[in-house]
Amino acid sequence: MPLLFLGRNRVTSGFRLSDRPDHNGIDIVGDDSTDILCTINGTVRSSTIITNKNDPTWEWGNYVRVDDAQGRRHYFCHMASRSVRVGQKVKIGDKLGVMGNTGYSFGAHTHYEVRTADNKTKLNPAEFLGIENAKGTYTAKTGWEQDGSKWYYYSSGEMLKSRWFKDADGYWYYLGKNGAMLTGIQKIDGKLYMLNPKRAHDIPTGACIITDTSGAIE
């Protein structure tokens, strides 16, 4: 699962921990990037700032609400600026805004809160981030990760699946339905490709070394 920021995500306050049992979200500081990234696929339902202090929502300052496919409400708060509009479709990793210190806030951070579709129950945001509900620094996976004999590729914490991927060295790979890198002769979208079954000379395992008569896959 992706985190809110590229690089280090420093949790300064968790969800209903003993020191703040009434805190219904997670406060996170982006140590390497201030761009707030969407954690789910969904639709923007709010992108605003409330300044009327009779409305408790003013404490969030600039905030964005994104509803996921189950109708759960994801709130991203205290932004310095917002990058999305109401009704916009967003996906995991899309930029929602920039970390800030607006509303009732003491220092730049993002308050991330999740509620059920009926807006009655607050959920633990750590479960949507794939991290512990604890203070500390977490980093989203980026790059190749090995699990047993299989290799997977992560981009900002998201495992890439069912797609071609070109690495920094210019090699193409195909990541299967479960995300695992495919090797050997594979039929992909009706065409045959040779994906190097094992490392040979300077060609890494899984690299596409032969295409069909249609030529390069770019």
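All values derive from a computational prediction rather than experimental measurement.

Student: I tried to follow the side chain of E113 on my own but got confused; where do I start?
Tutor: For E113, the location among the structural elements is in strand 10 (residues 110-115). On the accessibility criterion, E113 (4% relative accessible area) is buried. Separated by 2.7 Å, the side chains of E113 and H111 make a polar contact. Within polar-contact distance, the side chain of E113 engages the side chain of R115 at 2.9 Å. When sequence neighbours within four positions are dropped, the list of residues in contact with E113 reads N24, G25, W60, R73, H74, Y75, K122 and P125.

Student: It is not clear to me how the pairing of strand 18 (residues 184-188) should be interpreted in this structure. Could you clarify?
Tutor: Within a regular strand, the side chains alternate between the two sheet faces. Pairing of strand 18 with strand 19 (residues 191-195), which is carried by five bridges, proceeds in the antiparallel orientation. What sits directly across from Q186, in strand 19, is Y193.

Student: What is the right way to read the sheet that holds strand 9 (residues 95-98) from this model?
Tutor: In sheet architecture, strand pairing relies on hydrogen bonds along the backbone and comes in two forms, parallel and antiparallel. As summarised here, the arrangement of the three strands in space is 3-9-7, forming an open sheet in which the pairing is antiparallel. If you trace the sheet from one side to the other, it starts and ends with strand 3 (35-37) and strand 7 (81-82), each paired once. In the sheet, strand 3 pairs with strand 9 via three bridges, with the strands oriented antiparallel. Directly across from D35, in strand 9, lies its bridge partner V98.

Calculation rules
Residues numbered from 1 in each chain as written. Predicted model: local features only at pLDDT ≥ 70, side-chain atom pairs only at ≥ 80, totals over all residues. Heavy atoms only, no water. Helix = DSSP H or I, 4+ residues; strand = E, 2+ residues; numbered from the N terminus. Buried < 20%, exposed > 50% of the residue type's maximum accessible area, 1.4 Å probe, protein only. Polar contact = N/O pair within 3.5 Å; in protein donor to acceptor, adjacent residues only side chain to side chain. Contact = heavy atoms within 4.5 Å. Pairing = 2+ DSSP bridges.

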